[in-house]
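Spelled out from the first residue to the last, the chains are:
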Amino acid sequence: MTPVRWAIVVFWFVVIVMIIKSCHDAEEQRKQDALLHPQADRFTFTEPSAPPAPAPAPAPEARVEQISFSTKPSTPTPGSFTCFVTLRNTGSKKAQNIQIRVRPYRGTPYGDPDYGHQNLRPLSETDPLSQYGSWIGFPDLDPGQSSTQSVVFLDHPNATPGTNPTPEIIFGTVKTP
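Residues numbered from 1 in each chain as written. Predicted model: local features only at pLDDT ≥ 70, side-chain atom pairs only at ≥ 80, totals over all residues. Heavy atoms only, no water.

For the rest of this paragraph, the subject is the overall build of the protein chain. Within the protein chain one finds two helices and eight strands. Each helix and strand of the protein chain, ordered N terminal to C terminal, gives the series α-β-β-β-β-β-α-β-β-β. Relative to its full complement of 177 residues, the protein chain shows a buried share of 23%. Within the protein chain, counting contacts between residues at least 6 apart in sequence, those at least 24 apart form 70% of the total. As presented, the protein chain carries roughly 12,900 Å² of accessible surface, and 60% of it is formed by carbon and sulfur atoms. (Helix = DSSP H or I, 4+ residues; strand = E, 2+ residues; numbered from the N terminus. Buried < 20%, exposed > 50% of the residue type's maximum accessible area, 1.4 Å probe, protein only. Contact = heavy atoms within 4.5 Å. Areas by Shrake-Rupley, 256 points an atom, 1.4 Å probe, with all protein chains shown as cover.)

A complete count under the given rule lists five aromatic pairs for this structure. When the ring of Tyr 105 is compared with that of Tyr 132, the centres are 6.1 Å apart and the planes differ by 20°; the resulting orientation is stacked. Separated by 27 residues along the polypeptide, Tyr 105 in the loop between β3 (95-102) and β4 (109-110) and Tyr 132 in the loop between α2 (128-131) and β6 (134-138) bring together distant segments of the chain. A relative accessible area of 32% means that Tyr 132 is categorised as partly exposed. Residues Tyr 132 and Phe 153 carry aromatic rings whose centres are separated by 5.4 Å and whose planes lie at 65° to one another, so their mutual orientation is edge-to-face. With Tyr 132 in the loop between α2 and β6 and Phe 153 in strand β7 (residues 146-154), this pair connects stretches of sequence that are 21 residues apart. Judged by relative accessible area, Phe 153 falls into the buried class, the value being 4%. (Phe/Tyr/Trp six-rings, centres within 6.5 Å; stacked < 30°, edge-to-face > 60°.)

This part takes up the pattern of salt bridges. For the structure shown, the criterion picks out nine salt bridges. Where Lys 21 meets Asp 25, a salt bridge forms, and the shortest distance between an N and an O atom there is 2.9 Å. Of this pair, Lys 21 and Asp 25 both sit in helix α1 (residues 3-36), separated by four residues, roughly a single helical turn. Residue class for Asp 25 comes out partly exposed when judged on its relative accessible area of 37%. For Glu 125, the salt bridge identified is with Arg 103, shortest N-O distance 2.6 Å. Here the residue Glu 125 occupies a position in the loop between β5 (121-122) and α2, and Arg 103 occupies one in the loop between β3 and β4, the gap between them amounting to 22 residues. Glu 125 sits in the partly exposed class, given a relative accessible area of 40%. By sharing partners, the salt bridges in this structure join Arg 101, Arg 103, Arg 106, Glu 125 and Glu 168 into a single network. (Salt bridge = Lys/Arg side-chain N within 4 Å of Asp/Glu carboxyl O.)

In this sheet, strand β2 (residues 80-89) lies alongside strand β1 (residues 64-73) in antiparallel orientation, the contact comprising nine bridges. By the bridge assignment, Gln 66 is partnered in β2 with Leu 87. (Pairing = 2+ DSSP bridges.)

A separate point is the nonpolar core. Ranked by internal contacts, the top residues of the largest apolar core, which has 21 residues, are Val 85, Leu 87 and Val 102. For this core, the elements supplying multiple residues, two or more each, are β1, β2, β3, β6 and β7. Discounting residues that sit within four places of it in the chain, Val 102 has contacts with Phe 69, Cys 83, Val 85, Tyr 132, Gly 133, Ser 134, Ile 136, Val 151, Phe 153 and Asn 164. (Core = buried A, V, L, I, M, F, W, Y, C linked by side-chain atoms within 4.5 Å.)

Mapped onto the elements, Thr 82 comes out in strand β2. Using a relative accessible area of 6% as the deciding quantity, one classes Thr 82 as buried. Each C-alpha atom, one on Thr 82 and one on Ser 70, is 8.4 Å from the other, the two residues being twelve residues apart in sequence. Within polar-contact distance, the side chain of Thr 82 engages the side chain of Thr 75 at 2.9 Å. (Polar contact = N/O pair within 3.5 Å; in protein donor to acceptor, adjacent residues only side chain to side chain.)

Following this line, the structure appears as structure tokens:
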């Protein structure tokens, strides 16, 4: 055999010996760790310190909440979109004169990611596009009742409609005699 072949054989022999030694050392270390830190044979679970809290009682007055908000693009015509808002009365009395302000661009990302120097950023509360919105009237809602209404807005370039976060809802409670 030539000296180059001997060098190659010795190189691979050293590599194989190093791999075997590494595996042996790792196995010995695992055995040593197992002796120092044995696995528990039994597991105990403690009971919760308190029972779960009961469901909150209905509000003594009317309480109207937005439970759903969705948008449908290009409706009723291209260049516009429709927002669908669902409200529910979670209180114990009838709600009347219900109105909600829909602001579809409030807090949404604004910008064009394909346009290099204009990165996406959330719209601030003071931005005119964030203030763009409309009030929608709802029929009176009995306790537990819900209703869905819709409103149409024009599309705005570089902005996508959001979810109407922190909705502004105005309503009154029917007074019982």
